[in-house]
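What follows is each chain in one-letter form.
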Amino acid sequence: MKAYYFNRAIPLLVLSLGYITCVAQASSSNNTTLKYKKHTVSSVFVSEGAAVGDVNRDGKIDILAGHLWYEAPQWKAHPIHADTLNPVKGYSTTFLNFCSDINGDGWPDLIRFDVPGGQCVWYENPGKHASLWRRHLVLESAGIETPLFVDVDNDGHKDIICNDAEKKEVIWLQSPSRKGDTIWQRHAISTDPALGTHRYTHGVGWGDVNGDGRKDVIIRSGWWESPGMYASTTGPFIRPNSGQSALICSCWTLIRMEMQIL
Ligand SMILES: [Ca+2]
Ligand SMILES: [Ca+2]
Ligand SMILES: [Ca+2]
Ligand SMILES: [Ca+2]
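Residues numbered from 1 in each chain as written. Chains lettered and ligands numbered in written order. Predicted model: local features only at pLDDT ≥ 70, side-chain atom pairs only at ≥ 80, totals over all residues.

## Regarding the overall build of the chain
Going by this rule: Helix numbering and strand numbering both begin at the N terminus, where a helix is a DSSP run of H or I of at least 4 residues and a strand a DSSP run of E of at least 2. Residue burial here comes from a neighbour count, namely the number of other C-beta atoms, placed from the backbone, that lie within 10 Å of the residue's own C-beta, with 20 or more meaning buried, 12 or fewer meaning exposed, and in between meaning partly exposed.
Tallying secondary structure elements over the chain gives three helices and 18 strands in all. When burial is assessed residue by residue, the chain has 36% of its 262 residues classed as buried.

Structure follows, in structure tokens:
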């Protein structure tokens, strides 16, 4: 099932400016002009992050943000949970939202990251039953400002890359892959407490740094080479300013790093 997400750089745009469509028009000189139409979904701040997915499976993509999902195309608000109802000064307690069918029942679910170092939980879409969504804990202390939601082990299910701010490890969490399974398997990327383990660590990337066909994990001060089998073994940490890695860091990797550093 298709599911999409926005990271923290975009959600305010989604909520305050609304859903944006674009129309491409080609001029006679082959230049392309993009036109955008603003749609207001809500004028109320409910979340740092937002995600999209077809929550009610009617063929129309809906928006999920904070404790609400907005039903397309009229953007009627529906409750998901009651965990973030109280307005919070400054940052909300919904930093990142991702939408994916976690338990394989065909209904898109919601992943919520609290503030960096706070809990990561997911909420189970009840389908046709009108009720709040059941909450499941993924990780007690999920750090890094923008954890990634990517398919680390190439099994078709997106996983999470973040750090465990309490245990001081950089980890990836393997998404449940069998129908009805709700448990995320934890794997260590690095157990060095000095590398990327602060709760507010800025910047994490996912890309093939050394061109061996396997994607690696990148932070501002270096990168971990994928061990190949994506097992719990720790890949070597290579600093981009030293020897080999300085030569093989491709331009797109550096661009991605910049985009991820908020
Ligand atoms: Ca829908
Ligand atoms: Ca589901
Ligand atoms: Ca996976
Ligand atoms: Ca690689």
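Now, onward.
## A look at the nonpolar core
Nonpolar side chains tend toward joint burial in soluble globular proteins. Convention followed: As used throughout, a nonpolar core is a set of buried Ala, Val, Leu, Ile, Met, Phe, Trp, Tyr and Cys residues joined through C-beta atoms within 7 Å of each other. Residues are treated as contacting if the C-beta atoms built from their backbones sit within 7 Å of each other.
Core analysis: the biggest nonpolar cluster contains 48 residues, and Leu64, Leu110, Ile161 and Val217 have the highest contact counts within it. Looking at this core element by element, the count peaks at six residues for strand β11 (residues 134-150). Excluding its chain neighbours within four sequence positions, the residues that come into contact with isoleucine 161 are Pro147, Leu148, Val150, Val152, Trp172, Val204, Trp206 and Val217.

## Topic: the environment of histidine 157
Position of histidine 157 relative to the elements: it lies in the loop between β11 and β12 (159-164). Under the C-beta neighbour-count criterion, histidine 157 is labelled partly exposed, with 17 such atoms within 10 Å. Measuring from C-alpha to C-alpha, the distance between histidine 157 and proline 176 comes to 7.8 Å, with 19 residues separating the pair along the chain. Filtering out sequence-adjacent residues up to four positions away, histidine 157 remains in contact with Asp151, Ser175 and Ser177.

## Digging into the sheet that holds strand β14 (residues 185-190)
Here is the rule: When DSSP finds two or more bridges between a pair of strands, those strands are recorded as paired. With axes taken as lines fitted to C-alpha atoms, and helix axes fitted only over the stretch in contact, angles between N-to-C directions fall between 0 and 180 degrees.
Spatially, β8-β9-β10-β11-β12-β13-β14 is the arrangement adopted by the seven strands of the open sheet, whose pairing is antiparallel. The sheet terminates laterally at β8 (96-100) and β14, the two strands that pair on one side only. Along the sheet, successive strands turn relative to each other by an average axial angle of 40 degrees, direction set aside. One ladder, built from six bridges, connects strand β10 (residues 118-124) with β11; its direction is antiparallel. Counterpart to cysteine 120 in the pairing with β11 is leucine 139.

## A look at the environment of phenylalanine 95
Counting through the fold element by element, phenylalanine 95 comes out in the loop between β7 (76-79) and β8. Separated by 25 residues in the primary sequence, phenylalanine 95 and cysteine 120 have C-alpha atoms spaced 9.9 Å apart.

## Comments concerning unusual backbone geometry
Look at the link from alanine 72 to proline 73: it is a cis peptide, with omega at 0 degrees. By secondary structure assignment, the location of proline 73 is in the loop between β6 (68-71) and β7. You will see that lysine 168, though not glycine, has its phi angle at about 60 degrees, which is positive. Locating lysine 168 in the fold gives a position in the loop between β12 and β13 (169-174). A tally of 18 C-beta atoms within 10 Å means that lysine 168 is categorised as partly exposed.

## What to know about the confidence of the model for the chain
For clarity, the threshold we go by: Think of pLDDT as the predictor's per-residue confidence, scored from 0 to 100.
Overall, the predicted model of the chain reaches an average pLDDT of 80, with 74% of residues at or above 70. Across residues 1-28 the pLDDT falls below 50, and counting only partners more than four positions away or on other chains, this stretch makes 65 contacts in the model.

## Details of the pairing of β13
Consecutive side chains of a regular strand alternate in pointing toward one face of the sheet and then the other. Across the six residues of β13, five count as buried, placing the element largely inside the fold. Looking at chain direction, β12 and β13 are connected through five bridges and run antiparallel. By the bridge assignment for β13, asparagine 163 is matched with valine 170. As paired strands, β13 and β14 are joined by five bridges and run antiparallel to one another. Counted as the bridge partner of tryptophan 172 is histidine 187 from β14.

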